[in-house]
Amino acid sequence: MSKRFLIFVLFLVPILAFGQTTPPPPAAPRAVHLPQPSEKTLANGLRVIVVEKTGLPLVAARLMIKTGSEAEPDDRAGLADLTASLLTKGTKTKSAEEIARGVEALGATIDSGAGWDDSYVSLSALSNKFAESMKYVADVVMHPTFAKDEIDRLRDQNVDALSVALQSPASLANFVAARVVYGGGPYGHNLGGTPQSLKNIQRDDIVRFHDAHYRPDNAVLVVAGDVKPSAVFTIAETLFGAWKSSGGEAPPPVPPSSSPAAPSRVVVIDMPEAGQAAVIVTRPGLARVDPLFSVALVTNSVLGAGYSSRLNQEIRIKRGLSYGAGSSFDFRRDAGPFSASVQTKNESAVEVAGLIGGEVNRMTSTSVAESELTPRKATIVGDFGRSIETTSGLVGRMSVLALYGLSLDKINSYVSDIQAVSAGDVQQFSTAHLGGDASIIIVGDMKKIGDAVKKSYPNAEIIPLDQLDLDSPALRKK
Amino acid sequence: MIGAMRRRLPIFFLTLILANAALAAKLAVPPIPLKHRTLANGLQVYSVEDHSSPTVAIQVWYRVGSKNDPNGRSGFAHLFEHLMFKSTAHMKAEMMDRLTEDVGGFNNASTRDDATEYHEVVPSNYLETLLWAEGDRLATLNVNEENFKSEREVVKEEYRFRVLSPPYGRLFVAIDKDSFEVHPYKRPGIGNIAELDAATLSDVQAFHTTFYRPDNAVLVVVGDFEQSQLDGWVDKYLGGIGHPSSPIPRVTVTEPPRKASKHFEEHGPTVPLAAVASTWLIPEARHKDSPALSVAAAILGLGQSSRLYTSLVYKKKLAVEVEVDADLREDAGLFSSLVIVASGHSAKEGQKELDAELAKLVAKPIPAAELDKAKTQLIASILRGRETNDGKAGDIGNSFVVFHDANGVNSWIDRLQAVTSADVQRVVRKYVTGAKAAVIDYTADGGAK
């Protein structure tokens, strides 16, 4: 190996011919290209939204059902995701293997699953194979068979995958956080279910969920890429025109969770041998349609989104306590959670929880200076601009607007809405939505976390991993 | 997920970038129109003008990676990468964030086996600013003791985050360690706590002087700029940086062929499902057999219609996950498979099935439709990676460093298309079924499962 050279070259400093000691200023900004959505609603109620984007010969699409995990019973957690994931595992005319082979031979990828508020089949296709690729999407959405052996196979795979997630401090902390914030309410369970809830799901549950929610008047098709809107409308009519809603009105969305806010808790899961502790500070946040959406985004950008946010400054950059610290609002149909998350060595878990609390309080007590606010807004605007540079990113942005019944024009007012947020808005918002007690979840090795946790949080519930019950709001086995 | 993922070290997922470039015959995809210059100081410059979005991607790839970690300093190239975001003669620590994130851009970097790359995407009116900044940290990096120590703690947390915390983190370190006997690829790029603690500020200065020089770097710029303006700025901000007259140290060790198959037992404290990894040595990336090895890996493991997914995961339900990879590197690569075993089954069952599929691959010609499918999948995935300026620039930089040919982003396409069934069978016979495997069993401490 060549490592000995190091000693000799130490003294050979590069010769600099380097005049300028300050960065050259930017030139005038260039115009941004804004997407132009077109839309059409078919006679059966299916809404079709298209954004043409030329460049590479790629098209992304998402067939979205406006019902997701929120609608499943707590003891059948994972039902929406299992139903959606099974779509590609066999239809009346094609086996799972034929679907996989057919799609992949076209150079396409197909993926299905559920979020809190939607179930989806997403496609990424080559533009000259788009129509052919879409046939698979239509077939799996309208004609799935939900064969018993496919259900059993996928359930077993999901249970195995959960056994891995439950041994990972970060993912386990997220599962626990949902229970702590939402208890037994619709957002309290894990989206993918638990080993027990997955076992509870019967084929009938799946078929009923599909019958009730997978219907054209509860669906939206969003397409973006190298394809003309008129061509997409024709393809949609051909493939989905005969899709009928199975009787009656579409079920209304799940009513807002009316349960009173659960009191905050401090929960520590003792995971022996955890290589790092996961720390989450969390509380209910905002619904996507909340008029304060943009204010929340700007507030979070100051506090915890992006490399230079306050949490990462304090925890990573100043103190070296983590590889990354951040926070986010999970905007849903109802108020999804706000959470700040950090992974740190077990010994620092309590210190980090305190630092997060301190930074949240600073958001409420002190106004953000313009010199900090302006770059944080620029970060959001830049992220947005880059997200719509890809076909799948465009589909994602348009889908969210369609899912929550927001005007598609919002895609073009996103930037001005962010720019309109003031420092006063941020402080007022922080006081109203981030002030007061939040819950704290720590998953880590108690031997190393130590007594500090009891000193700082006398009411902390310390639950050994083998006593944890994610199916119960109490979180502890009876 | 945690917000900041920057200054990262891809340990196992390098495939995404290494799968280089290809186009389907049926699909008209324009080649990337590369412009190339070599400056007098040795800096290579590749650029692609593209005005489809008002942004520009800037990348600097240095031909120094984890394989160049000094002795007793595993993880040093990666630690150094983090320090390139600290102070210079003209920039305060974290100034790169002021010039990127604060104006709506972003930056990041990664340390690979063969190279370290730094990248930014900014609104295109900031291109000149960023070229100045890249020149400044190449020429005048000036890290202080306080920043050094604090960032070293961050890297130790990154080690815990990647290796100690995830159930399969230790396996990813073990794969290289057990696969190479003499080549420094065997040392983990993420390092270890003791060797990170041993690093000093003078190591940092020496490393910068040795490897961070214009004749060891390639600049890639893709996006919204005017060529003549770019050329002028590059000359102004990067052309005047000199370099030492000493040669650049290179790794010259050759990994010898394996004399015998090897078996390893590796453990972690929390391993819910056993895993088994198998690796075989393959030649350097620029070898003529690389495209056929990539197609072989795709036939075996890419997508749910691949042979191993169909057999191990779908039909026999022995595994929850299968990955097959032709990991092409500058000096010597690995053909590898990774099986995460389903509960109630053993690694042995998975291994037996893997062997059966490999035997079948060399015994029977690959049907034309299946060969076409694998190529189309590879091509489409490369195309998706090129939707952004940053993705294109990454392909160019990687091709330059690992394949010694930036134009490989275009020629790789034809090479992939030319692969025949006989090619695939020949390379699998030569490097896999007819060669020696390293097999790594990964289970929980105490040998459970």
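Residues numbered from 1 in each chain as written. Chains lettered and ligands numbered in written order. Predicted model: local features only at pLDDT ≥ 70, side-chain atom pairs only at ≥ 80, totals over all residues. Heavy atoms only, no water.

**Digging into the overall build of chain B**
Within chain B, the secondary structure is distributed over 16 helices and 11 strands. Taken over C-alpha atoms, the radius of gyration comes to 22 Å for chain B, in line with the 22 Å a tight globule of 449 residues would show. Seen along its three principal axes, the alpha-carbon backbone of chain B occupies a region of about 60 × 50 × 40 Å. Burial statistics for chain B: of 449 residues in total, 68% are counted as buried. (Helix = DSSP H or I, 4+ residues; strand = E, 2+ residues; numbered from the N terminus. Rg over C-alpha atoms; globule rule 2.2 N^0.38 Å. Buried < 20%, exposed > 50% of the residue type's maximum accessible area, 1.4 Å probe, protein only.)

**Quick notes on the overall build of chain A**
Secondary structure summary: chain A contains 18 helices and 12 strands in total. Here the C-alpha atoms of chain A give a radius of gyration of 25 Å, agreeing with the 23 Å that 2.2 N^0.38 yields for 478 residues. For chain A, the spread of C-alpha atoms along the three principal axes comes to 70 × 70 × 60 Å. Residues classed as buried in chain A amount to 57% of the 478 residues present. Partitioning the contacts of chain A with sequence separation of at least 6, the portion at a separation of at least 24 is 80%. Summed over all atoms, the accessible surface of chain A reaches about 18,900 Å², with 55% contributed by carbon and sulfur. For chain A, the distance from the average site of its 48 positive side-chain charges to the average site of its 50 negative ones is 4 Å. (Contact = heavy atoms within 4.5 Å. Areas by Shrake-Rupley, 256 points an atom, 1.4 Å probe, with all protein chains shown as cover. Lys, Arg positive; Asp, Glu negative; His and termini not counted. Charge placed at Lys NZ, Arg CZ, Asp CG, Glu CD.)

**Thoughts on the sheet that holds strand β2 (residues 44-49) of chain B**
Residue and element names in this part refer to chain B. Pairing within the open sheet is mixed, and its 6 strands lie in the order β1-β2-β6-β3-β5-β4. Taken across any chain shown, the strands that pair with only one partner, and hence form the sheet edges, are β1 (35-38) and β4 (106-111). With strand direction ignored, the average angle separating the axes of adjacent strands in the sheet is 15 degrees. Inspection of the sheet shows strand β3 (residues 55-62) paired to strand β5 (residues 116-123) by 8 bridges, in the antiparallel sense. (Pairing = 2+ DSSP bridges. Axes fitted to C-alpha atoms, helices over the stretch in contact; angles between N-to-C directions.)

**What about the side chain of Glu255(B)?**
All names here are of chain B. Take Glu-255: it is sitting in the loop between α9 (227-238) and β7 (262-268). No salt bridge is formed by the buried Glu-255; its nearest oppositely charged neighbour, Lys-262, is found at 5.7 Å. Polar contacts involving the side chain of Glu-255 include one to the main-chain amide nitrogen of Glu-181, which spans 2.6 Å. (Salt bridge = Lys/Arg side-chain N within 4 Å of Asp/Glu carboxyl O. Polar contact = N/O pair within 3.5 Å; in protein donor to acceptor, adjacent residues only side chain to side chain.)

**Here's the deal with the interface of chain B and chain A**
Taken together, the contact between chain B and chain A spans 105 residues of the former and 89 residues of the latter. Together, the buried faces of chain B and chain A total about 8,100 Å²; carbon and sulfur atoms form 60% of this surface. At the junction of chain B and chain A, the tally comes to 5 salt bridges. Taking the shortest distance from any N to any O, the salt bridge between Glu157(B) and Lys345(A) comes out at 3.6 Å. At the boundary of chain B and chain A, one finds 31 residue pairs in polar contact (both at pLDDT 80 or more). (Buried area = accessible area lost by both parts, 1.4 Å probe.)

**Some details on helix α2 (residues 79-86) of chain A**
All names here are of chain A. The buried fraction of α2 is high, at 8 of 8 residues. Those residues of α2 lying buried are Leu-79, Ala-80, Asp-81, Leu-82, Thr-83, Ala-84, Ser-85 and Leu-86. Looking at the buried side of α2, the elements it contacts are β4 (109-114), β5 (119-126), α5 (148-165) and α8 (203-213).

**Considerations on the pattern of salt bridges**
Using the criterion set out here, one finds 58 salt bridges over all chains in the structure. We note a salt bridge from Lys315(B) to Glu97(A), for which the minimum N-O separation is 3.6 Å. Of this pair, Lys315(B) sits in helix α11 (residues 307-315) while Glu97(A) sits in helix α3 (residues 96-105), placing the two residues on different chains. Residues Lys149(B) and Glu145(B) are paired through a salt bridge, measuring 3.5 Å at the closest nitrogen-oxygen approach. Remark: Glu145(B) and Lys149(B) occur in helix α5 (residues 145-164); sequence separation between them is 4 residues, near one turn of the helix. We classify Lys149(B) as partly exposed; its relative accessible area is 43%. Residue class for Glu145(B) comes out partly exposed when judged on its relative accessible area of 38%. When salt bridges with common partners are traced through the structure, they connect Arg63(B), Lys67(B), Asp114(B), Glu330(B) and Asp331(B) into a single cluster.

**Remarks on the confidence of the model for chain B**
All names here are of chain B. Across chain B, pLDDT averages 92, with 93% of residues at or above 70. Low pLDDT (under 50) marks residues 1-25, which in the prediction has 102 contacts with non-local residues, meaning those over four places away or in another chain. Reported confidence for the predicted complex is 0.91 by ipTM and 0.93 by pTM. (pLDDT = per-residue confidence, 0-100.)

**A closer look at the nonpolar core**
Most often, soluble globular proteins keep nonpolar side chains buried together rather than apart. All names here are of chain A. Residues Phe-130, Met-134, Val-176 and Phe-240 are the most contacted members of the largest nonpolar core, which totals 70 residues. Here this core gets 8 residues from one element, more than from any other, and that element is helix α4 (residues 130-142). Once residues within four sequence positions are removed from consideration, Phe-130 is found in contact with Val-59, Ala-61, Leu-123, Ala-125, Val-223, Val-227, Val-232 and Ile-235. If you look at the next biggest cluster of nonpolar residues, it comprises 67 residues, including Ala-325, Met-363, Ile-388 and Ile-411. (Core = buried A, V, L, I, M, F, W, Y, C linked by side-chain atoms within 4.5 Å.)

**Focus on unusual backbone geometry**
Even without a glycine there, the phi angle at Phe146(A) is positive, about 50 degrees. Residue classification places Phe146(A) among the buried positions, given a relative accessible area of 5%. One non-glycine residue, His404(B), lies in the positive phi region at around 60 degrees. Tracing the backbone shows His404(B) in the loop between α14 (389-403) and α15 (408-417). Looking at His404(B), the relative accessible area reads 39%, which means it is partly exposed.

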